[in-house]
Amino acid sequence: MWLKPEEILLKNAFKLWVTEKDNEYFVLQRRRGYGEGGGGLTGLLVGTLDTVLDSTSKVAPYRILHHTPDSQVYWSIACGVTKEEIIQHWDWLQQNIMRTLSVFDSSEDVTSFVQGKIRGLIAEEGKTCLVQEDDPEKFREAHLRFEKWFELPPEEKLVTYYSCSYWKGKVPCQGWLYLSTNFLCFYSYLLGAEVKLVISWDELWRLEKTSNVILTESIHVLAHGEDHYFSMLLHLNETFVIMEQLADYSIKRLFDKESFQREPALSDPLQITKRGLEANAKSEQFRTFFRLPKEENLLEVHESFLWVPFSHFNTLGKICLSENYLCFASQDGSQCHVIIPMREVVNVEKPDSSSRALTVCVRGKRALRFSEVRDYQRLANTIRSRCGISASPQHSASSEVMCCDCFICAILLLFKRHPVVCRKDSSKAVSTEALMTVFHPQDVENLDPKMLKEKMKEQSWNIHFSEYGRGTSMFFTRKTRDLIVRGVPEALRGELWMLFSGAVNDMATHPGYYTELVEQSLGTSTLATDEIERDLHRSLPEHPAFQSDTGISALRRVLTAYAYRNPKIGYCQAMNILTSVLLLYAKEEEAFWLLVAVCERMLPDYFNRRIIGALVDQAVFEDLIRENLPQLVEHMTDLSFFSSVSLSWFLTLFISVLPIESAVNVVDCFFYDGIKAILQLGLAVLDYNMEALISCHDDAEAVTILNKFFDSVTNKDSPLPPTVQQASVGNNDKASHISVDISELIREAYEKYGNIRSEEVESSRKRNKLYVIQTLEDTTKQNVVSKLRVTSTGACSDTVLHKLYILYLFSCYWTMNSPALLHHDPSLAYLEQYQLGFQQFSMLFSLLEPWAFCSIKSTLSLWVFRLIDENQDGLINFKEFCCALDTLYTGSFTNKLKFLFKLHLPPVLKTSEKFVSLWSLSIKLTGRGKVDLQAYLKQWQNEILKKEETIKDLPRINQTQFIQFSKTLYNIFHGDPEEESLYRAVAHVTSLLLRMEEVGRRLLEPKSSDTSSSHNSQDLSETEWSFSFEQVLASLLNEPAIVSFFERPVDIQMKLGQAKVAQLKSKTNK
């Protein structure tokens, strides 16, 4: 590797370096302790020094120096890991540089020319390098160490590296931590003791920051049941964030491939950098805090003061700028933040250049004044450019004209970004009113106490709007949360849900989108639509709104439109309950966007077949129980009970367990505080029932206690009529339990557990997500192994099947554009979820095939792939793969020979061509509905092929196929110690079969001579030149050498171990 020329001193260098070659201008040196004559005490000391210190020498035991005869100064210009590498650089210097140097008169000119040439070579290499780091030279050296020490595939991308200590038992090993796209690696070398660690990111079960008496602060990694601790990190938080991002990246890559379409930074492993991961983490935190769409990325952050009109002072905070939003969050504990969509900005003014301030004017004649902005000029220009506002030197004399002009500009810009969609007649079917407005209109003249209190709530909110603003640019403060906790008025609930969830921005930026979805999804028939129809009348069945066609039709349209929008989720149970409540208080289109916000942002991964998100939040809930309710933990050591009980709490936001009039108050808090509100309320529920839960004897009794408690929860301020209030109540027997007001319960939850920070919840989510997914995958693996134990011959143990599953899954995971990831569908059976394309299958089969010396691996892999691909879809599932290996490893001689015999028959019969054409047709035409058709075709095909195949069912093998069969046997036997005897046996069998065929043809000649045409006799002889499998089997059974070869046992464990090592070293295409 060429190095940026650096001056070095050789005063004491002779103690560490040995000169191998030299000439007038260059010196090639070898590090003591490396190469010939290395080792001993010198080698140990030098190796330890090289590992602990961060220097080029520790990775490159060879180097080339430049010097001139009349100077004592040396310049390092190249280094190499191997002698061959450094010799190539030396030869290049001899051929391209040495002749040119003779023309220079002075040594300064020589040195200047060499330095310029080396810098030019480095710059040329940099053009093809995808790595862009702050210190490219140092990073290139680290990358050399990474490649040398760990011998991973050349395509493995190093992201960053850190100096740290790795605790092996109670002894710390000082070394280097390397983080790549697929692996966590550590290397240490101290006085001859080498420590090397390689862990794949997808093998991590735990990743967390810990501290104890010995380790003040460290990073804990759990993988393969072993604990690993890394400490003494200079930038521990930065390191942990990068590790967290890479672990999450690998999980998404393996289990959530569609997320890459939303995150371009993760789509190509070669483009992943430390800087990119840090930016992605900040953008994630930014979107989560401000409830912004996933398309938004944090572009700029400016520290500033914001004038808060309702408090009459400047609050310190940060301006966060994305593509379409300007946000501000305070940092002084006032919990004040504001979100300004760029579409709402009408002007940006700079009152005074000396104050470094700017004023952002938004619609509704409101303005926000930011002061002490360091780069206020650039920020103002950025906001103007994103809003399409032209900069004006002075404020317009007429604010009305300015607002009008800017409003027109904003409208034109909005039309440009989102063209108007013509709404057809079907849009008339979309409900434009909330169902509660239709089925329970408020009586203005009603003056009962509940209605009066409702009016007082509305008045409080109107006062709040007048002080803090209303709509998208409203200030969010402590007072906002206080009003939420006390309860939202029925008339404002839909508006505030839209605002707090961020759904109002989604709807504003996608005009006509919902109407289009309704039109496109109208009349579609899929598995999702069938499930929706089944659950429509189970959604709040006692509520009047869903006893009529109006409510049922609206619910059907929203759920069907969302299933059409997001086929990955489609429809899952609990979505109907949530959507029905949304429709009560929001218009139909608003309910749709609220559902989008819940499913895709606020409750990620909740509504799928494995409900990973809900399981993750249950794990977070268990952690909070251990931390906040120690008495309950002491009595109930197994907290899995709370996971099973609380699942419906998280999936339905308590709607399924609380009366409807109480549940909507919980939903109010959820839309404002997110999952934190549900966790707080769950803790409050357990705390309220602490004594009863501690005294119960079994789980059934605990469930009964909680159910009675939920039935006793009321909302004394609810203005809803009794018929509506009883719609969600499951048990009216409240005599045994004192009634609890929902507002008091929520207030208590915020008072006792309001100190739980949203950032801590998100961090706990990430930490538990690894464990939850690995647990699910481990369960999947156990199910796969148990199912395969039934289908295989039983010779493969559970341990072998486990290792084979890991190798198989690694083949799916390793390749970025693998068909396995493109076709992964968790809804399929365990054995069919992960599938290999031919490229991945060929690589894995070549590592595991029992014939080590086979000379036609690629061709044989192709034939095997075609044979075991029963449905002809170009993909092999794990069951098919294992059955093939089971036959080749542990099958009888007859079965192995039958397998090879079938390889030389046409892999696709004419009767199967119909399935292929129907299959491709379903992929092209059916969209989401293809899952049902595929499942039906698979079932149909399996029923047709259900009859067990016997050797008599095999067709005869013709002349061309038999010749190829013989060649295959020769190739399989190639390189075997008994190769000569095996070749003679094949030749003997071949000649024997040919003589038998010749005798058969002669016996038939008198009968065929009656046909006078020579052409017909030739065709007859060709058609008769064929063998049955029984003939081939009988002939080969007479050859002991061939029988013993195929019956020779194979060490499967050794094969799997070798395959695992080779899989890491093999070159893969990403």
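Going along each chain's sequence as written, the residues are numbered from 1 onward. Given that the model is predicted, a residue must reach a pLDDT of at least 70 before its local features are reported, and side-chain atom pairs must reach 80 or more before they are shown or counted; all residues, however, enter totals for whole chains, interfaces and linings. As a rule here, side-chain values cover all heavy atoms of the structure and leave hydrogens and water aside.

Chemist: Let's hear about the overall build of the protein: which residues, and what values?
Modeler: Looking only at helices and strands, the protein has 44 helices and 26 strands in total. Classification of residues uses two cut-offs on accessible area relative to the type maximum, computed with a 1.4 Å probe and protein chains only: under 20% is buried, over 50% is exposed, and between them is partly exposed. Within the span of the protein, comprising 1070 residues, buried residues form 51% of the whole. Residue contacts follow a heavy-atom distance rule, with two residues in contact if any of their heavy atoms lie within 4.5 Å. Within the protein, contacts between residues at least 6 apart in sequence are counted, and of these 67% link residues at least 24 apart. The method behind every accessible area is Shrake-Rupley, applied with a 1.4 Å probe, and residues are considered shielded solely by the protein chains displayed. Working note: accessible area of the protein is about 49900 Å², and carbon and sulfur atoms make up 54% of it. The helix count covers DSSP runs of H or I at least four residues long, the strand count covers runs of E at least two residues long, and both are numbered beginning at the N terminus.

Chemist: Outline the pairing of strand β18 (residues 358-362), listing residues and values.
Modeler: Within β18, five of the five residues are buried, which leaves it mostly tucked inside the rest of the structure. Because side chains alternate across β18, one face comprises the buried residues Leu-358, Val-360 and Val-362, and the other comprises Thr-359 and Cys-361, equally buried. In this scheme, strands are said to pair when DSSP sees at least two bridges between them. Across four bridges, the pairing between strand β17 (residues 345-349) and β18 is antiparallel. In the sheet register, Glu-349 faces β18, and the bridge partner there is Thr-359. Note: β18 against strand β19 (residues 366-371), five bridges, orientation antiparallel. Residue pairing in the sheet places Cys-361 in a bridge with Ala-367 of β19. Between β18 and the antiparallel strand that follows it, β19, lie three residues; Gly-364 among them carries a positive phi value of about 90°.

Chemist: I'd like to hear about the sheet that holds strand β6 (residues 158-168), residue by residue, with values.
Modeler: Read from one edge of the open sheet, seven strands run β9-β8-β7-β6-β12-β11-β10, paired in antiparallel fashion. The sheet is open, and its two edges are formed by β9 (193-200) and β10 (204-210), each paired on a single side. Across the sheet, the axes of successive neighbouring strands diverge by a mean angle of 30°, strand direction being ignored. Here β6 runs beside strand β12 (residues 226-231); their pairing, made up of three bridges, is antiparallel. Among the inter-strand pairings, Trp-167 is bridged to a residue of β12, identified as Tyr-229. Working convention: axes come from line fits to C-alpha atoms, limited for helices to the stretch in contact. Angles between N-to-C directions cover 0 to 180 degrees.

Chemist: Lay out the packing of aromatic side chains with the relevant residues and their values.
Modeler: Within 6.5 Å between ring centres, the rings of Phe, Tyr and Trp (the latter by its six-membered ring) count as paired, and their orientation is classed by plane angle as stacked under 30 degrees, edge-to-face over 60, tilted in between. Evaluated as defined, the whole model comprises 54 aromatic pairs. Where Tyr-513 meets Trp-593, the ring centres are 5.4 Å apart and the plane angle is 35°; that geometry is what we call tilted. Note that Tyr-513 is positioned in helix α16 (residues 513-521) and Trp-593 in helix α20 (residues 588-602), a separation of 80 residues in sequence. Its relative accessible area of 1% is what places Trp-593 among the buried residues. Ring geometry for Phe-841 against Phe-881: centres 5.9 Å apart, planes inclined by 90°, an arrangement best described as edge-to-face. Here Phe-841 is found in helix α33 (residues 838-848), whereas its partner Phe-881 is found in helix α35 (residues 878-890), with 40 residues between them in sequence. With respect to class, Phe-841 is no different from Phe-881; both count as buried. Here a set of aromatic residues connected by ring pairs shows up, and it is made of Phe-139, Phe-146, Trp-149, Phe-150, Tyr-161, Trp-176, Tyr-178 and Tyr-187. Each ring is checked for a lysine NZ or an arginine CZ that lies within 6 Å of its centre and within 35 degrees of its normal; such an atom marks a charge sitting over the ring. Lying across the ring of Tyr-771, Arg-206 places its NZ or CZ 4.7 Å from the centre. Between Arg-493 and the ring centre of Tyr-585, over which it is positioned, the NZ or CZ distance is 5.1 Å.

Chemist: An account of unusual backbone geometry is needed here, citing residue identities and associated values.
Modeler: Phi at His-224 takes a positive value of approximately 55°, unusual for a residue other than glycine. Its place among the elements puts His-224 in the loop between β11 (218-223) and β12. Even without glycine at this site, Glu-372 takes up a positive phi of about 55°. Checked against the element boundaries, Glu-372 lands in the loop between β19 and α9 (376-387).

Chemist: So what's going on with the pattern of salt bridges? Residues and values would help.
Modeler: Whenever Lys or Arg places a side-chain nitrogen within 4 Å of a carboxyl oxygen from Asp or Glu, that contact is recorded as a salt bridge. Applying the stated rule across the entire model yields 36 salt bridges. As a salt-bridge pair, Glu-344 and Arg-343 come within 4.0 Å of each other at their nearest N and O atoms. Comparing Glu-344 with Arg-343 shows no difference in burial state: the two are buried. Each of Glu-208, Glu-622, Asp-623, Arg-626 and Arg-767 takes part in a single network of salt bridges with overlapping partners.

Chemist: Can you tell me about the state of the cysteines, naming the residues and giving the values?
Modeler: In plain terms, two cysteine sulfur atoms within 2.5 Å form what is called a disulfide here. What the rule picks out here adds up to zero disulfides. Of the cysteine sulfurs around Cys-327, a residue in no disulfide, the closest is that of Cys-320, at 6.6 Å. For Cys-327, a relative accessible area of 1% translates into the label buried.

Chemist: I'd like to hear about the sheet that holds strand β20 (residues 475-476), residue by residue, with values.
Modeler: A sheet is described by the order of its strands in space; here eight strands give the open sequence β17-β18-β19-β13-β14-β15-β16-β20, paired in antiparallel fashion. Of all the strands in the sheet, just β17 and β20 have a single pairing partner and so form its edges. Looking at chain direction, strand β13 (residues 300-308) and strand β14 (residues 313-321) are connected through nine bridges and run antiparallel. Each bridged residue has a counterpart across the sheet, and for Trp-307 the counterpart in β14 is Asn-314. Each of β14, β15 (325-330) and β16 (337-341) touches helix α8 (residues 274-290); the most contacted strand, β15, lies at about 80° to it.

Chemist: Please set out helix α12 (residues 449-468) residue by residue, giving values where relevant.
Modeler: Its 20 residues place the ends of α12 28 Å apart at the C-alpha level, agreeing with the 28 Å of an ideal helix rising 1.5 Å per residue. Of all the residues in α12, the buried ones are Met-451, Glu-454, Lys-457, Glu-458, Trp-461, His-464, Phe-465 and Tyr-468. For α12, the arc enclosing every buried residue in end-on projection is 130°, short of the 170-degree limit, so these residues lie on one face. What points out from α12, more than 90 degrees from its buried face, is the exposed set Pro-449, Met-456 and Ser-466. Buried positions along α12 lie against β19, β20, α13 (478-486) and α14 (493-501). Multiplying one less than the number of residues by 1.5 Å gives the expected span of a helix. When we speak of the arc, we mean the arc of directions from the helix axis to the C-beta atoms.

Chemist: How would you sum up the packing of α33 against α35? Please name residues and give values.
Modeler: Axis separation between α33 and α35 bottoms out at 12 Å; the angle between their running directions is 25°. By the angle between their directions, the pair α33 and α35 is classed as roughly parallel. Here α33 runs over α35; the crossing is right-handed. Where α33 approaches α35, its residues Phe-841, Leu-844, Phe-845 and Leu-848 are matched on the opposing element by Phe-881, Leu-885, Leu-888 and Tyr-889. Any angle that falls under 35 degrees is termed roughly parallel, while one over 145 is termed roughly antiparallel, one within 65 to 115 roughly perpendicular, and all others oblique. Each crossing gets its hand from how the near helix is turned against the far one by less than a right angle, where anticlockwise is left-handed and clockwise is right-handed.

Chemist: Go over the packing of α35 against helix α36 (residues 893-903), please, and point to the residues and values.
Modeler: Packing of α35 against α36 brings their axes to within 8 Å, and their N-to-C directions diverge by 125°. Accordingly, the angle class assigned to the pair α35 and α36 is oblique. Where α35 crosses over α36, the two elements pack in a sense that is left-handed. Contacts between α35 and α36 pair Ala-884, Thr-887, Leu-888 and Tyr-889 from the former with Asn-895, Lys-896 and Phe-899 from the latter. The residue makeup of the contact of α35 with α36, split by class, is four nonpolar, two polar and one charged. For this scheme, ten residues count as nonpolar: Ala, Val, Leu, Ile, Met, Phe, Trp, Tyr, Cys and Pro. Four count as charged, namely Asp, Glu, Lys and Arg, and the remainder, Gly too, count as polar.

Chemist: Account for the confidence of the model for the protein, with residues named and values stated.
Modeler: Residue-level pLDDT values for the protein average 78, and 75% of them are 70 or greater. Each residue carries a pLDDT score, the predictor's own confidence in it, on a scale running from 0 to 100. This stretch, residues 54-58, has a pLDDT under 50; its non-local contacts, to residues over four places away or in other chains, come to 18 contacts. Throughout residues 1008-1023 the model reports pLDDT below 50, and contacts reaching past four residues in sequence, or to other chains, amount to two contacts.

Chemist: So, the UniProt feature "domain: EF-hand" (unreviewed entry) in the protein: which residues are in play, and what are the values?
Modeler: UniProt feature "domain: EF-hand" (unreviewed entry): in the numbering of this structure it lies at residues 864-891. Between the first and last C-alpha atoms of residues 864-891 the distance is 16 Å; the span itself is 64% helix and 7% strand. UniProt positions are given in the numbering used here, feature names are shortened, and annotations may be inferred rather than shown by experiment.

Chemist: Hey, could you go over a negative patch on the surface for me, with residue numbers and the actual values?
Modeler: Like charges are joined within 9 Å and nonpolar side chains (Val, Leu, Ile, Met, Phe, Trp, Tyr) within 5 Å, but only among residues with over 30% relative accessible area and no salt bridge; these make up the patches. Asp and Glu count as negative and Lys and Arg as positive, but His and the ends of the chain are not part of the count. Note on charges: their place is set at NZ of Lys, CZ of Arg, CG of Asp or CD of Glu. On the surface, Asp-70, Asp-105, Glu-108 and Asp-109 cluster together into a patch of negative charge. Take Glu-108: it is sitting in helix α4 (residues 107-128).

Chemist: Break down the environment of Arg-386 for me, citing the residues and quoting the values.
Modeler: Within the fold, Arg-386 resides in helix α9. When its relative accessible area of 28% is taken as the criterion, Arg-386 is described as partly exposed. Taking the C-alpha atoms as reference points, Arg-386 and Ser-322, separated by 64 residues in sequence, lie 9.7 Å from one another.

Chemist: Give a description of the side chain of Asn-576 that names residues and reports values.
Modeler: Tracing the backbone through its elements, the reader meets Asn-576 in helix α19 (residues 575-585). Among the residues examined, Asn-576 registers a relative accessible area of 5% and is labelled buried. Here a polar contact means two N or O atoms within 3.5 Å. Within protein one must be a hydrogen donor candidate and the other an acceptor candidate, and residues neighboring in sequence count only if both atoms are side-chain atoms. Within polar-contact distance, the side chain of Asn-576 engages the side chain of Tyr-571 at 3.4 Å. Sequence-distant contacts of Asn-576, that is, excluding residues within four places in its chain, are made with Asp-535, Arg-538, Ser-539, Leu-555, Leu-559 and Tyr-571.

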